[in-house]
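Inside the fold
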Amino acid sequence: MTLRLVVADDDADDRMLISEALEESKLRNPVDFCEDGVDLLEYLRREGRWEHLKNEQLPGLILLDLNMPRMDGRTALETIRADQALKRIPIVILTTSKSEEDIIRTYNTGVNSFITKPVTFDGLMDVVAAVKQYWFEIVALPPSSD
Amino acid sequence: MNKSNAVRVETVGTAQVTVSRRVAAPGNMANAETGYLLPKSGKDNPADLVVDEASLGNILSGAGAGLALFDNKFRLVASNAPYAELCGLAPDASLVGITLMDLIRMASRARGTSSDEVEVQVDRAMENLRPGGSYTMVHERLDGSLIEVRRACLTNGSVVETLRETEGHQGVVGHQIADMARERLDQALSAMSDGFTLWDREDRLVMYNRRFVDLNPGIADIITPGITYKQMKSRAVARGLHDVDGVERQEVLDYLLCQHANPTEPHEMQLADGRWILVSERKMPDGSTVGTRTDVTELKRRELELKRATEKINAKSLHLDTALENMTQGLCMFDAGNRLIVANQRYLDLYGFSADVVKPGATLREILTYSVSLGNYTPEEAEVALEQREARSTLMERSTVKQRLKDGRVIAVMNEPMADGGTIATYTDITESERQARELESYNAKLEASNRELQDFAYVASHDLQEPLRKIEAFGDRLQRKHGDDLPEQGQMYIDRMQDAAGRMRRLINDLLSYSRITTKGKDPVDINTDELLAGVLNDLSVRIEETNATVTVGDLPNLMADETQMRQLFQNLIGNALKFSRPGVDPAISVTGEEENGQLVFKIADNGIGFENRFKDQIFTIFQRLHGRLEYEGTGVGLATVRKIVERHNGTIDADGRPNEGATFIVTLPLGNEEF
């Protein structure tokens, strides 16, 4: 069973760049894109526009941006970690923020990695390739459903 | 001078007999001298008297008074009836041949006089009745009536005695008592510190004391009983004792006489020897004049001293008053009981007080209550002020209170305790300076807010600019990567230029961000080992140092207390700058020195690079200002601006000294210790 990957980022450019980088890294897993924290939680709970995925298993990894409208990544992170059904999903923060406060806070909330968005596309390619290799080829992920 | 009880008879003119008697006063009064003149008792006191029997009979019987004649052996020759009667004897008693002494004894016995007293009288008669001598005395008879007895010894030794009833003076006091009184008077007058004179109604000198003579040294020789005031003063004026500049002597004399004739207020007079005399004269009801002269020289001197001292005090007081009334502050002084001692007009004006209410003696409570009634402040505020004053004066410490009056004025009240428990309070209208202080405060707050906004803007702007820039670079990158081969050579060039510009913008934004972070993300000062710090900086720059073949000499540097990251950045930027602006073909030689100077740390970073003209000095520290073209020397123009900002945050200063084509020296001065920023 191929695990899904979900990317939550409000920036359409970034979603496109990440998507292209994932494509170029030859990731075979299906990728879903959410636009903010609320969208992400609906996705995870298969609500709203994500109802059609009701029968799909939960994603194996979340790539989460921090600064987003409606619900930011920090709140989304806390909500997921407090949710019995979702708390085991690994989360990698992918953000433009370099602030120490964000790094400390998110690790405290149980984030698995904190990555600052590389400035160049080549940099992004490197990051995406490393994430793909680490999380989908090396690490054993928890079962996606109970 | 004759000091015995001798009696001298003088004839002055024809109408008067003057008896001048010198009295030897007992004890310490030995020097006392008093002169007095007795008014004549009758017109019958010729030097020689020769009468026949018939005339004698007529005289005797015609005389209204008792009359007796004695020969030079004091034996009665003739007498009339009133004589015997007044002696208390039978009118027809034959008295011829009886001696005067026996008659005195007989008459005394008839009056009931004691035998001792009688003998005193006998002795007195014996003493006085020498040729030319005479005396008068008064006897009191049993019925209380008085008899005046006059005995005169003629030059041939015979004696005339006259007796007559008298109205009686001094009640029961007899002539002896009068004598005693006179003696006491003599003593009293001699003892007086004032000069004393008694002039009779004809203005003749009747009585005076030694002090009077002493106070008239210029005319001591002419002062004698009987002299008239006019005679005395004429002589004194003639001798120049009363000379007044520009006034005729006659005028002076007239003035003196007039004043003597109509004595009014006591007046002062200066003697030729400089002494001051207070002359006081008074007319008696009988027309005589009593005068006293007091030596007031000492009094006068003290008065003058006092006057001078008072003048001095007054002058000082005037200065103080002038200062008090012209000072811009209100001032008042309270005693230990908080009662007003003095207040200046400014104080009254400040509070709109009336001087009728706020006057010396008024208590602070009264003044405050009054001030409340004028609407200066509330009763509660007044109560607080009063409590504060009381508390402060017990503590003996100065206090400053700001009062806000209802009309908006602000008064600074400073209470300065005095050693005696009182208080000096000064009142300064600080409305204007308070207003300015508030304005300055709000201006500062605005400035701070504006600075913060500016910094926030720099931070947010640079932060937010990063995002779209990242996209430009990323999509530019994608464009080149995916479609680069499809583009003509010119299209390739455009992309290159675009990417190059984007990269410069990234560096600009990053520099701006780090520049704005100097204040927003600054850290607290820590102790820094400067040698280690420099070693780290040189390590970071090692590649560039090698590339440029530079020599960096670091001297013995003092340690400092500062934000370590920023200090690292400071040295990195300055040394980096020195490496960058090197002269083509000259290997950079950079020296870093530092020392403690006047309580400050002074670091110098000197190079042998291209230098600069000092007129551009200010420009090089301004952000985004560059002295050189971008192609010549890369950089954003933020490096030195960042350095200056770091120095300023550390309360230090930075200066630069450039010499074109020789090099430049940057001088950073930092305070020894920065506890906080």
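In this text the structure is predicted, and so the values were computed from the model without any measurement.

Describing the overall build of chain B
What chain B contains, in helices and strands, is 19 helices and 25 strands. Put simply, of all contacts in chain B between residues at least 6 apart along the chain, 48% involve residues at least 24 apart.

So, the overall build of chain A
The helix and strand tally for chain A stands at five helices and five strands. Each helix (α) and strand (β) of chain A, taken in turn from the N terminus, gives the series β-α-β-α-β-α-β-α-β-α. Out of the 146 residues in chain A, the part that is buried amounts to 31%. Sequence separation of 24 or more characterises 67% of the internal contacts of chain A that already satisfy a separation of 6 or more.

Here's the deal with the sheet that holds strand β2 (residues 31-34) of chain A
Backbone hydrogen bonds hold the strands of a sheet together, and the pairing may be parallel or antiparallel. Residue and element names in this part refer to chain A. Read from one edge to the other, the open sheet built from five strands follows the order β2-β1-β3-β4-β5, with strand pairing classed as parallel. Edge strands, defined here as strands with exactly one partner in the open sheet, are β2 and β5 (113-116). Across the sheet, the mean angle separating the axes of adjacent strands is 20 degrees when strand polarity is ignored. One ladder, built from four bridges, connects strand β1 (residues 5-8) with β2; its direction is parallel.

So, unusual backbone geometry
Residues and elements named next belong to chain B. Positioned with a positive phi, asparagine 549 is a non-glycine residue whose angle comes to about 60 degrees. A tally of 10 C-beta atoms within 10 Å means that asparagine 549 is categorised as exposed. One non-glycine residue, asparagine 598, lies in the positive phi region at around 50 degrees. With respect to the element layout, asparagine 598 can be found in the loop between β22 (589-597) and β23 (600-606).

Topic: the packing of helix α1 (residues 12-24) of chain A against helix α5 (residues 121-138) of chain A
Residues and elements named next belong to chain A. Where α1 meets α5, the axes come as close as 9 Å, and the angle between the chain directions of the two elements is 60 degrees. The pairing of α1 with α5 is recorded here as oblique in orientation. The handedness of the crossing between α1 and α5 is right-handed. Packed against α1, whose contacting residues are Leu17, Ile18, Ala21, Leu22 and Glu24, the element α5 presents Phe121, Leu124, Met125 and Val128 at the interface. Here the residues of the contact of α1 with α5 are counted per class, giving eight nonpolar, no polar and one charged.

Notes on the pairing of strand β13 (residues 289-295) of chain B
All names here are of chain B. In the sheet, strand β9 (residues 195-199) pairs with β13 via five bridges, with the strands oriented antiparallel. Within β13, the position partnered with phenylalanine 196 by the bridge is threonine 292. Pairing of strand β12 (residues 276-283) with β13, which is carried by seven bridges, proceeds in the antiparallel orientation. For valine 279, the partnering residue across the bridge sits in β13 and is arginine 293. Joining the antiparallel neighbours β12 and β13 is a turn of five residues, in which glycine 287 adopts a positive phi near 95 degrees.

Details of the interface of chain B and chain A
In this complex, chain B contributes eight residues to the contact, which on the side of chain A involves seven residues. Its residues assigned to classes, the side of chain B that touches chain A shows one nonpolar, one polar and six charged.

Considerations on the confidence of the model for chain B
Residues and elements named next belong to chain B. Of the residues in chain B, 87% have a pLDDT of 70 or more, and the chain-wide mean is 80. pLDDT under 50 marks residues 1-51. Its contacts with residues more than four places away, or in other chains, come to 71 contacts. In the predicted structure, residues 169-173 sits below a pLDDT of 50 and forms three contacts with residues beyond four places in sequence or in another chain. Scored by ipTM, the complex comes to 0.75, with pTM at 0.44.

Here we look at the nonpolar core
With 37 residues, the main nonpolar core has B:Phe571, B:Leu574, B:Ile575, B:Ile605, B:Val643 and B:Phe666 as its most contacted residues. Tallying contributions element by element places helix α17 (residues 564-580) of chain B first for this core, with six residues. Setting aside its immediate chain neighbours within four residues, B:Phe571 contacts B:Leu533, B:Leu534 and B:Val537. Membership of the second largest hydrophobic core comes to 34 residues, among which are A:Leu40, A:Leu44, A:Leu64 and A:Val128.

Some words on the pairing of strand β7 (residues 146-153) of chain B
All names here are of chain B. Burial analysis of β7 places seven of its eight residues in the buried class, which makes it a mostly covered element. Pairing of strand β6 (residues 134-140) with β7 involves seven bridges; the strand directions are antiparallel. Bridging from a neighbouring strand, serine 134 pairs with alanine 152 of β7. The antiparallel pairing of β6 with β7 creates a hairpin that spans five residues between the two strands, and glycine 144 there sits at a positive phi of about 95 degrees. In textbook terms, the turn of a hairpin is the stretch between consecutive antiparallel strands, and for β7 and strand β8 (residues 159-166) this stretch comprises five residues, one of which, glycine 157, has a positive phi near 100 degrees.

Rules of the game
Positions within a chain are numbered from 1, following the residues in the order the chain's sequence is written. By the order in which they are written, chains take letters starting at A while ligands take numbers starting at 1. Local features in this predicted model are restricted to residues of pLDDT 70 or higher, and side-chain atom pairs are both shown and tallied only at a pLDDT of 80 or more, whereas totals for entire chains, interfaces and linings draw on every residue. The way it works is that DSSP assigns letters per residue, a run of H or I at least four long becomes a helix, a run of E at least two long becomes a strand, and they are numbered from the N terminus. Contact between residues is assigned whenever the C-beta positions, reconstructed from backbone atoms, fall within 7 Å. With C-beta atoms placed from the backbone, the exposure class of a residue follows from how many other C-beta atoms lie within 10 Å of its own: 20 or more, buried; 12 or fewer, exposed; in between, partly exposed. Here the rule is simple: two strands pair whenever DSSP picks up at least two bridges between them. Angles run from 0 to 180 degrees between N-to-C directions of axes, and those axes are lines fitted to C-alpha atoms, restricted for helices to the stretch in contact. For this classification, under 35 degrees means roughly parallel, over 145 means roughly antiparallel, 65 to 115 means roughly perpendicular, and everything else is oblique. By the definition used in this description, the sense in which the near helix is turned from the far one sets the handedness, with an anticlockwise turn below a right angle giving left-handed and a clockwise turn giving right-handed. Ten residues, namely Ala, Val, Leu, Ile, Met, Phe, Trp, Tyr, Cys and Pro, are considered nonpolar, four, namely Asp, Glu, Lys and Arg, are considered charged, and the remaining ones, Gly among them, are considered polar. For every residue, the predictor states its confidence as a pLDDT score lying anywhere from 0 to 100. Think of a nonpolar core as buried Ala, Val, Leu, Ile, Met, Phe, Trp, Tyr and Cys residues, each tied to the set through C-beta atoms within 7 Å.

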